[in-house]
Amino acid sequence: MTDTSEQSTFDLQPKDFGEDFIWGVSTAAYQIEGAHQKHGKGKSIWDEFVTKKGTIFQDQHGQIACDFYNKYRDDILLMKSMNIDHFRFSLSWSRILPDGTGKVNQNGVAFYNDVINFCLKCGITPWVTLYHWDLPQKLEELGGWTNRQILDWFEDYVKICANNFGDRVKHWMVLNEPMVFTGAGYFLGVHAPGKKGLKNFIPAIHHAVLCQALGGKLLRKMVPDSTIGTTFSCSQITARSGSKKDLKAADKADALLNRLFIEPSLGLGYPDESIPVLRKIKKYERPEDAQNSIFEFDFIGIQNYTREVVRHSYTVPYLRAKIVKAPERNVQTTLMDWEVYPPSIYEMLKKFNGYKGVKKILITENGAAFEDLLEEGKIDDLERTSYLQNYLKQVYKASSEGVKVSGYFVWTFTDNFEWAEGYYPRFGLVHIDFETLKRTIKASGKWYRSFLGKKVSSKNIEAKKTDVPIG
Ligand code: FCB
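This is a predicted model, so every value here is computed, not measured. (Residues numbered from 1 in each chain as written. Predicted model: local features only at pLDDT ≥ 70, side-chain atom pairs only at ≥ 80, totals over all residues. Heavy atoms only, no water.)

Q: Talk me through the overall build of the protein chain; I want residue IDs and the actual numbers.
A: Scanning the protein chain for helices and strands turns up 18 helices and 15 strands. The C-alpha atoms of the protein chain give 21 Å as radius of gyration, which agrees with the globular expectation for 471 residues (23 Å, within 12%). Over its C-alpha atoms, taken along the principal directions, the protein chain stretches across nearly 60 × 55 × 45 Å. The proportion of buried residues among the 471 residues of the protein chain is 60%. The contacts in the protein chain between residues at least 6 apart in sequence include a share of 77% that link residues at least 24 apart. (Helix = DSSP H or I, 4+ residues; strand = E, 2+ residues; numbered from the N terminus. Rg over C-alpha atoms; globule rule 2.2 N^0.38 Å. Buried < 20%, exposed > 50% of the residue type's maximum accessible area, 1.4 Å probe, protein only. Contact = heavy atoms within 4.5 Å.)

Listed below in C-alpha cells is the structure:
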C-alpha cells in the first residue's frame, strides 16, 4: 500500500530542522560485521544463540552478515557518496575483550580504530554505542545481566573503550534499548541469551539501569569533551477502548515499554505504582543504588517504529495487559507486522521532552522493513521513502512546537541480520544481495541522498570543495 499522494507533498528540507540538526544512519555490530571468529574475537551471546535450532528464522545467523568487517571502507565511502555524515555503530564487546573481561584483543581495538579513523578521514562523525546486545558469552555463563558483577565487567569494558577511542569519538551512547535486550533476552527468551521469567528479568533490569548510569559517569570522567547519551525504545500506547480496564492496561504497558529505563536515570525511581511486581527489584537493591542509577545525560536517543494498541487481559500474569497485534486491526503494516503510524514519533518526542532533566533528544533509530524487489538492478521502495517522509513530518511538527529534538538517524544503512527474524526484514537504504554481498542503493537511499544534498550551507560548500574523496 503506497500512499503516493503523501509522497508528493513532502517539501521539507534539512534546514527546516535547524542548521545544526544531525542527520545520519544507525547500525549495530552483530547485525553487520560478520567475521564472527576472526582475529581473536570471542563468542558473544548472539554467536551462541544463533546455533540453537529453531531460535532464528530459517536458522540463519550473523556469521558473515554484511561482512562489514572486511567491507567497512566501501560502506563508509558509499555513505559519504550519499551525503550522510553521521554514522552510528556499536562496538562488539567480545571483539575487544574475548572473555568479556581481562585480556584485550588488540586486533579488535585495531579494527575499531580503523573504522573510526576512516570515518573521520571521510568527514563522517562516528556515534558509538557501547552495548547493542552482544554480551560476551563467557560473561553469560556467569549469569550475564542477572549477575551484579556485570557492573565490574561493564566498568572494565567502558574504560578500555574510552581509553582507546575517546580521543576521537566525541559522541557516545551507553546502551541500546535496555527494555528490548532485557525483555526479549531475559524474560521472553526470544532473543539471546534465551532466558525466561521474572527471576531473570528483574535482576537484569536493575543491573542494566545501574550500568546505564555507570557508563555515563565513566565516559564523562574519561572523555569530558564528549556528548553522552543512551537510547530507549518507545511506542505510543493507545488503549483499545475507553473502558477502565483497557485504560489501566495501557498505563501498565506504557510504564513497561516507555518509562522503565529512563525514569530511574532521572531520579524518579521505577514506575512500580503502575506495575507493582517491579517492587521485586528491591531484593537486588543496595542502599546506594537509587542514587547510582541517576546520570545527567547530554542527550537521550529515542527509537520509534510503531505504536501499540493495548487491551486488558486476565491471562497475562502481572501485567494483565495484552497487545492487539496490528494485523488483527487491519491497518497498514511493515514486514515486521508493525503498524505504520507516524504520529507515534511525535507523541514520543512530546512525552520524553516533557521530562524535566531531558536536555536534548535525538531520534537514534527510525525506519521500516518492506518487501523490496530488485528489478533490473533497481529497488523502487516507495513505501519506505514515504514511511520516512511521513515520520519526518511528525518530527518536524514536534520540533516546530519547541521539542528539543536535534538529530535523526535512519535505521538502517544497509539491509542486515534482523535478530530472531534473520534476513527477510530488509530495513536498509541500501540493498544487499546476501549471496554476493553486492550493495545497491534503493530509491529510498537516493531520496535520502538528495534530501541531505540540500543541507549544504555556504560554509559546507567551501568545505566540500576541499574534501578530497578517499579511495
Ligand atoms: C531496534 C534495534 C535494532 C533493529 C531495529 C529494527 O529495536 O535496536 O537493532 O533491530 O529495532
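Q: Could you give me a rundown of the environment of V190, with the residues and numbers involved?
A: If you trace the backbone, V190 turns up in the loop between α9 (178-186) and α10 (198-222). For the pair V190 and K244, spaced 54 residues apart in sequence, the C-alpha separation works out to 31 Å. Excluding residues within four positions of it along the chain, V190 makes contact with F49, A184 and A420.

Q: Could you give me a rundown of unusual backbone geometry, with the residues and numbers involved?
A: The omega angle of the peptide bond from A192 to P193 is 5°, so this bond is cis rather than trans. With respect to the helices and strands, P193 occurs in the loop between α9 and α10. Looking along the chain, the bond that leaves W411 and enters T412 is cis, with omega of 15°. Take T412: it is sitting in the loop between β13 (405-411) and β14 (430-432). Here D337, not a glycine, exhibits a phi torsion of approximately 65°, which is positive.

Q: So what's going on with the site of the ligand? Which residues, and what values?
A: The full set of residues close to the ligand is Q31, H132, W133, N176, E177, Q303, Y305, E365, W411, E418, W419 and F427. Taking N176, its side chain carries an N or O atom lying 2.9 Å from an oxygen atom of the ligand. Contact between the ligand and E418: an oxygen atom at 2.8 Å from a side-chain N or O atom of the residue. Class assignment of the residues belonging to the shell around the ligand gives a composition of 5 nonpolar, 4 polar and 3 charged. (Near = heavy atom within 4 Å. Polar contact = N/O pair within 3.5 Å; in protein donor to acceptor, adjacent residues only side chain to side chain. Nonpolar A, V, L, I, M, F, W, Y, C, P; charged D, E, K, R; others polar.)

Q: Would you mind going over the UniProt feature "binding site: substrate" (unreviewed entry) in the protein chain in detail, with residue names and values included?
A: Here the UniProt feature "binding site: substrate" (unreviewed entry) sits at Q31, H132, N176, Y305, W411, E418 and W419. When you line up the elements, N176 lands in the loop between β4 (171-175) and α9. Beyond its immediate stretch of four places on either side in the chain, N176 contacts R88, T129, Y131, H132, W133, F181, T231, Q303 and E365. Along the chain, E418 falls in the loop between β13 and β14. There is a polar contact of 3.4 Å between the side chain of E418 and the side chain of Q31. (UniProt positions renumbered as here; feature names shortened; annotations may be inferred.)

Q: Just give me the short version of the nonpolar core, but keep the residues and values in it.
A: Counting 145 residues, the largest nonpolar core has W46, L91, W145 and Y448 as the members making the most contacts within it. The element that contributes the greatest number of residues to this core is α10, accounting for 13 residues. Aside from chain neighbours lying at most four places away, what touches Y448 is W23, G24, V25, I84, Y408, V410 and L429. Counting residues in each nonpolar core, the second largest holds 6 residues, with I22, W127, L362 and F409 among its members. (Core = buried A, V, L, I, M, F, W, Y, C linked by side-chain atoms within 4.5 Å.)

Q: Describe the sheet that holds strand β7 (residues 299-303), and please don't skip the residues or the numbers.
A: Around the barrel, 8 strands lie side by side as β1-β2-β3-β4-β5-β7-β10-β13; this closed barrel has parallel pairing. Across the sheet, the mean angle separating the axes of adjacent strands is 25° when strand polarity is ignored. Summarising the sheet, strand β1 (residues 22-26) and β13 pair through 5 bridges and their orientation is parallel. In the strand pairing of β13, G24 is matched with F409. (Pairing = 2+ DSSP bridges. Axes fitted to C-alpha atoms, helices over the stretch in contact; angles between N-to-C directions.)

Q: Go over the packing of α9 against α10, please, and point to the residues and values.
A: A pair of packed helices can be characterised by two numbers: the angle between their axes and the separation between those axes. Where α9 meets α10, the axes come as close as 9 Å, and the angle between the chain directions of the two elements is 155°. By the criterion of interaxial angle, the relationship of α9 to α10 is roughly antiparallel. The element α9 and its partner α10 pack so that their crossing is right-handed. Seen from α9, the contacting residues are P178, M179, F181, T182, G183 and Y186; seen from α10, they are N200, F201, A204, I205, A208 and Q212. Residues belonging to the contact of α9 with α10 are distributed by class as follows: 8 nonpolar, 4 polar and no charged. (Parallel < 35°, antiparallel > 145°, perpendicular 65-115°, else oblique. Left-handed = near helix turned anticlockwise from the far one by under 90°.)

Q: Any details on the UniProt feature "active site" (unreviewed entry) in the protein chain? Residues and values, ideally.
A: Taken from the UniProt record, the annotation "active site" (unreviewed entry) applies to E177 and E365. In three dimensions, the annotated residues from a span of 189 residues occupy one location, with a maximal C-alpha spread of 10.4 Å. Following the sequence through the fold, E177 ends up in the loop between β4 and α9. For E177, a relative accessible area of 7% gives the class buried. A relative accessible area of 5% means that E365 is categorised as buried. Setting aside its immediate chain neighbours within four residues, E365 contacts S26, R88, H132, N176, E177, I302, Q303, N304, Y305, F409 and W411. In this structure the side chain of E365 is engaged in a polar contact, spanning 3.1 Å, whose partner is the side chain of R88.

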